[in-house]
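# Structural description and commentary
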Amino acid sequence: MKFAILVNEGPFNHQASDSAYQFAKAALEAGHAIFRVFFYYDGVHNANMLAEPPTDDRNVVKNWSTLAEDHKVDLVVCVAAALRRGIKNDNLAPGFRISGLGQLIEAGIQADRLVTFGD
Amino acid sequence: MSLLHTVAKSPFERDALSSCLDLSLPGAAILLYEDGVYGALKGGRFAERLAEAAKTRALYVLGPDLKARGLGEDRLIAGVTVVDYRGFVELAAKHQAVQAWC
C-alpha cells in the first residue's frame, strides 16, 4: 500500500514529527511504500539543516534525511510556509526539496492513504 | 465506509476526543496516541463516554506513547486494545481513510 504523510508541527513543538517518523519507519518495515512526506506550517522546521540538537538527543532533521537516503522517500517542504520561517535552499537538509501545495494534493490523490500528524 | 480516527491531544487540553466521539460513526476505529492516551485512563473524566463508544467502535491506544508517559496498560479502561507503530500502520491500511483530530 502507498502512504502519504503530512507533518504540520516542528520537531520541537510537540510529538508530531517523532510520531510521523516512527509511522513512516514502521510502514516501510511492513513492506508498504511512502509516496511522499509533506511538511507544512511549522513542519518545515523539520528540514532545517542548521538545527543542532544536543548530541544525547534524537536528531529529527537527520533522521528524515537518513530515511530519504535509505528508502528514496520524497520529502517535500511547502514553499510559502518555508520562506516565512527562513527555510530556503541554502539551509535545506539533504533529501528535502522545496515545492508547492500542489504536491500535497497530488500525494492525496496518488497515495492510498494520507495520514496527518500535528495541527 | 469505515474510518480510522486518530486523536493525538489530551482531552483535558482540547475538544479533539470529544468531537471525535460526537462525529465518528458506529463501526469506526479510534486510535488514541501522543497525549491522546490520557483520554483512555480508568477513572478519568472521559472513561464513561469512551466505554460507551467502545460498544459500537473499536478503540485502540498506542503502546509506546503510553509507556513514554509512565502509564501501564492496567491503567486503561476495559475494551481498549494496545497496539504498536506497526499496528497503527495496519489500522491505517485496513480502513478506507484516516481522519486526524488534533
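Predicted model only: the values in this text are computed from it and were never measured. (Residues numbered from 1 in each chain as written. Chains lettered and ligands numbered in written order. Predicted model: local features only at pLDDT ≥ 70, side-chain atom pairs only at ≥ 80, totals over all residues. Heavy atoms only, no water.)

## With respect to the interface of chain B and chain A
We count it as follows: Working rule for contacts: check all heavy atoms of both residues, and any pair within 4.5 Å makes them a contact. Accessible surface is computed with a 1.4 Å probe, and the buried area is the amount of it that two parts give up when combined, taken over both parts together. By convention in these notes, a salt bridge is any Lys or Arg side-chain nitrogen within 4 Å of a carboxyl oxygen on Asp or Glu. N or O atoms closer than or at 3.5 Å make up a polar contact, with two conditions inside protein: a donor-capable atom paired with an acceptor-capable one, and, for residues adjacent in sequence, both atoms drawn from side chains. Helix numbers and strand numbers start at the N terminus; a helix is a DSSP run of H or I with at least 4 residues, a strand a run of E with at least 2.
Between chain B and chain A, the contact holds 18 residues from the first and 21 residues from the second. Roughly 1,600 Å² is buried in total at the junction of chain B and chain A, and carbon and sulfur atoms are behind 57% of that figure. Among the residues chain B hides against chain A, the three largest losses belong to Tyr-85, Arg-86 and Val-89 of chain B. Together they make up 32% of the total. For the salt bridge of Glu-9 of chain A with Lys-9 of chain B, the shortest nitrogen-to-oxygen distance reads 3.1 Å. Inspection of the chain B/chain A interface yields ten residue pairs in polar contact (both at pLDDT 80 or more). Among the secondary structure elements, those contributing two or more residues to the side of chain B that touches chain A are α4 (85-94) and β5 (97-101) of chain B.

## Overview of the packing of helix α1 (residues 16-29) of chain A against helix α2 (residues 60-71) of chain A
The geometry of a pair of packed helices is captured by two quantities: the angle between their axes and the separation between those axes. All names here are of chain A. Quick note on the threshold: Only the contacting stretch of a helix is used when fitting its axis, a line to C-alpha atoms as for every element, and angles between N-to-C directions run 0 to 180 degrees. The labels follow the angle: roughly parallel below 35 degrees, roughly antiparallel above 145, roughly perpendicular from 65 to 115, and oblique for the rest. In this scheme the crossing of two helices becomes right-handed for a clockwise turn of the near helix relative to the far one and left-handed for an anticlockwise turn of less than a right angle. When residues are grouped by polarity, Ala, Val, Leu, Ile, Met, Phe, Trp, Tyr, Cys and Pro land in nonpolar, Asp, Glu, Lys and Arg in charged, and all others, Gly among them, in polar.
Close contact between α1 and α2 brings their axes to 11 Å; oriented N to C, the two are set at 20°. Considered as vectors, α1 and α2 are oriented roughly parallel to each other. Where α1 crosses over α2, the handedness of that crossing is left-handed. Within the contact between the two elements, α1 uses Ser-17, Asp-18, Ala-20, Tyr-21, Ala-24, Lys-25 and Leu-28 and α2 uses Val-60, Asn-63, Trp-64, Leu-67 and His-71. Split into classes, the residues belonging to the contact of α1 with α2 amount to seven nonpolar, three polar and two charged.

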